[in-house]
Amino acid sequence: GSLSNGSCKSLFKMPEIKFTKLFINGEFVDSVSGKTFETIDPRTGEAIARIAEGDKEDVDLAVKAARQAFDHGPWPRFSGAERRGIMLKFADLIEEHAEVLAVLEALDAGKLHSWAKMGDIPGAANTLRYYAGAADKIHGEVLKMSRALQGYTLREPIGVVGHIIPWNFPTTMFFMKVSPALAAGCTMIVKPAEQTPLIALYFAHLAKLAGVPDGVLNVVPGFGPTAGAAIASHMDIDKVSFTGSTDVGRQVMQAAATSNLKPVSLELGGKSPLLIFDDVDVNTAADMALLGILFNKEGIYDEFEKKLVEKAKAWVVGDPFDPAVRQGPQVDKKQFDRILSYIEHGKREGATLLTGGKPIGKKGYYIEPTIFTNVTEDMLIAKNEIFGPVMALMKFKTVEEAIKSANNTRYGLAAGIMTKDLNVANTVSRSIRAGIIWINCYFAFDSDCPYGGYKMSGFGRDCGLESLHNYLQVKSVVTPIFNSPW
Ligand code: ADP
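Scoring rules and cut-offs
- Each chain carries its own residue numbering, running from 1 in the written order of its sequence.
- With the structure being a predicted model, the display of local features is reserved for residues of pLDDT at least 70 and the display and counting of side-chain atom pairs for 80 or more, all residues being used for whole-chain, interface and lining totals.
- Angular values range over 0 to 180 degrees, each being the angle between N-to-C directions of two axes fitted as lines to C-alpha atoms, with helices fitted over their stretch in contact.
- Here a helix means four or more residues in a row that DSSP labels H or I, a strand means two or more in a row labelled E, and each is numbered from the N terminus.
- Throughout, the term roughly parallel applies to angles under 35 degrees, roughly antiparallel to angles over 145, roughly perpendicular to angles from 65 to 115, and oblique to all others.
- Note: crossing handedness is left-handed where the near helix turns anticlockwise from the far helix by less than a right angle, and right-handed where it turns clockwise.
- For every residue pair, C-beta atoms are placed from the backbone, and the pair is scored as a contact if these atoms sit within 7 Å.
- A residue counts as near a molecule or strand when its C-beta atom, positioned from the backbone, falls within 6 Å of it.
- Charged residues are taken to be Asp, Glu, Lys and Arg, nonpolar residues to be Ala, Val, Leu, Ile, Met, Phe, Trp, Tyr, Cys and Pro, and polar residues to be all remaining types, Gly included.
- UniProt positions are given in the numbering used here, feature names are shortened, and annotations may be inferred rather than shown by experiment.
- Remark: C-beta atoms are placed from the backbone, and a residue is labelled buried if 20 or more other C-beta atoms sit within 10 Å of its own, exposed if 12 or fewer do, or partly exposed between those counts.
- By definition, a nonpolar core groups buried Ala, Val, Leu, Ile, Met, Phe, Trp, Tyr and Cys residues that are joined through C-beta atoms within 7 Å.
- Per-residue confidence from the prediction method is given by pLDDT, with values spanning 0 to 100.

Explain the packing of helix H1 (residues 56-71) against helix H7 (residues 224-232) to me, please; I cannot follow it from the model alone.
Packed helices, taken two at a time, are described by their axes: the angle between them and the distance between them. H7 packs onto H1 with a crossing angle of 40° between their chain directions and a minimal axis gap of 8 Å. Judged on the interaxial angle alone, H7 and H1 are oblique. Read as a crossing pair, H1 and H7 show a hand that is right-handed. Between H1 and H7, the residues in contact are Lys56, Asp58 and Val59 and Thr226, Ala227, Ala230 and Ile231, respectively.

Help me out: how do you make sense of the site of the ligand in this one?
Lining the immediate environment of the ligand, one finds 18 residues, of which Gly224, Gly228, Gly244, Ser245 and Val248 sit closest. Listing elements by their share of the shell around the ligand, those giving two or more residues are H7 and helix H8 (246-258). Broken down by element, the residue count for the shell around the ligand peaks at 5 residues, all from H7. Here the shell around the ligand is composed, by residue class, of 11 nonpolar, 5 polar and 2 charged.

I tried to follow the UniProt feature "active site" (unreviewed entry) in the protein on my own but got confused; where do I start?
In the UniProt entry, the feature "active site" (unreviewed entry) is given for Glu267. Position of Glu267 among the secondary structure elements: in strand S12 (residues 264-267). For Glu267, a count of 26 C-beta atoms within 10 Å gives the class buried. For Glu267, the contacting residues outside a window of four places in its chain are Thr243, Gly452, Gly453, Gly458 and Asp462.

Got a minute to help me understand the nonpolar core in this structure?
The nonpolar side chains of soluble globular proteins are, as a tendency, buried together. Ranked by size, the top nonpolar core spans 148 residues in total, and within it Met87, Phe90, Met188, Val252, Ile276 and Ile381 carry the most contacts. Those residues in contact with Met87 that lie beyond four places of it in its chain are Leu128, Tyr131, Ala132, Ala135, Leu182 and Ala183.

I would appreciate a short explanation of unusual backbone geometry in the present structure.
Negative phi characterises most residues that are not glycine, and trans characterises most peptide bonds. Phi is positive for Phe443, which is not a glycine, with a value near 60°. Tracing the backbone shows Phe443 in the loop between strand S23 (436-439) and strand S24 (454-455).

Honestly, the confidence of the model for the protein in this entry has me stumped. Any pointers?
The predicted coordinates ought not to be read in detail in places where the model reports low pLDDT. Residue-level pLDDT values for the protein average 94, and 97% of them are 70 or greater. Of the two predicted TM-score estimates for the complex, the pTM is 0.95 and the ipTM is 0.99.

Structure below.
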């Protein structure tokens, strides 16, 4: 990897940062404490803006607004078609504001601007539209009970929801959680990650423009142990949806249990293996194998390794606004240091560093695409989620061995298989304990495709109609029926 030399070809102008305060009850407000924190441009390590820092008192205010909006406001009482109309308007506004949104995503999270523009932002509008289409199709069932009883079920919104989201997909995560909750008729508090608060605040502004009533969608940026913990332990929040690390997920579930027993859904860490069999085109396989942990069938191992190193070396690292760049900076100093420390572990534990391994440049959080080979299952780089441009390569001989290795992790978020053999693909798909299996692709998502973990990758699903049920609960209504012969 080489750092593009800053001669950025894109016409990037630092946008005016309009929204830096908490969004509570339809207004942008300062935090109760008056405190602020910096959000950092990962290209330089310098501050982009100061953001109001939410804490427990601010979460309390947001919950009060959401509670009021749920208990007395129009949103849960609207027909599904009414909610659908407002959500469709929200989606249109995202498209109208796509330019600035893509800039914010790239600026705050270091994501490639072109990807944000072609992927994350239009994807957000799609997700909203998907769930807008579901809003008027939520219904219960009629139950023919005993001869003397008849019943039906109602699907009701679960109430006030707390969404706690990470920095890795600030836009996608926001809409994966907010859209089904809106469709269900819930009201909510979103806590974006402290690294990436900007775009969530912009979405709050668009929600208001679209006509989402005050108090329905509140955004409270802040830190995990303060604002995040206040959401998890709040007595008046009815459900928490969390995406983040397994350790914090455990704390969130504990806080939910010891407070008001609110249900939680947790989308946690992963270590998603990609199994590459020896009947595939090495070039295509190397293209697919962006990040993660790779298991290679022995037959093509050497050739594959060579191809991968070639591609990694040609990989342009640099300013996410430069269209030639394939990999931007890591999101912040903490993540940057964490990745470098994993790389040191890898070397110390005896893995062979094929390429990369070092930071690039003196400014910002850039790291070379890094590939280790001769990795064994007990090494940290094989076991822990790294969330960086670090690949670990392992060899396998048989299908059984590949399955065993892929399952030898406490995680179960995702896995990929590359092969032309349909039987191998199907066998491996059934055998791997993970929430999504990609065959001859990797990292492919859509609004209608449920996503979430097995094992310590959590439980509950985002996306699909599956996730609508996170935000609904079932009420049974029973009535006697007299003198029925049936
Ligand atoms: P990552 O490793 O991806 O940063 P984290 O689990 O640390 O994942 O963070 C994900 C989200 O959880 C962020 O919004 C963060 O602020 C929040 N968070 C961190 N600690 C806590 C906590 N103790 N309680 C609730 N939320 C938290």
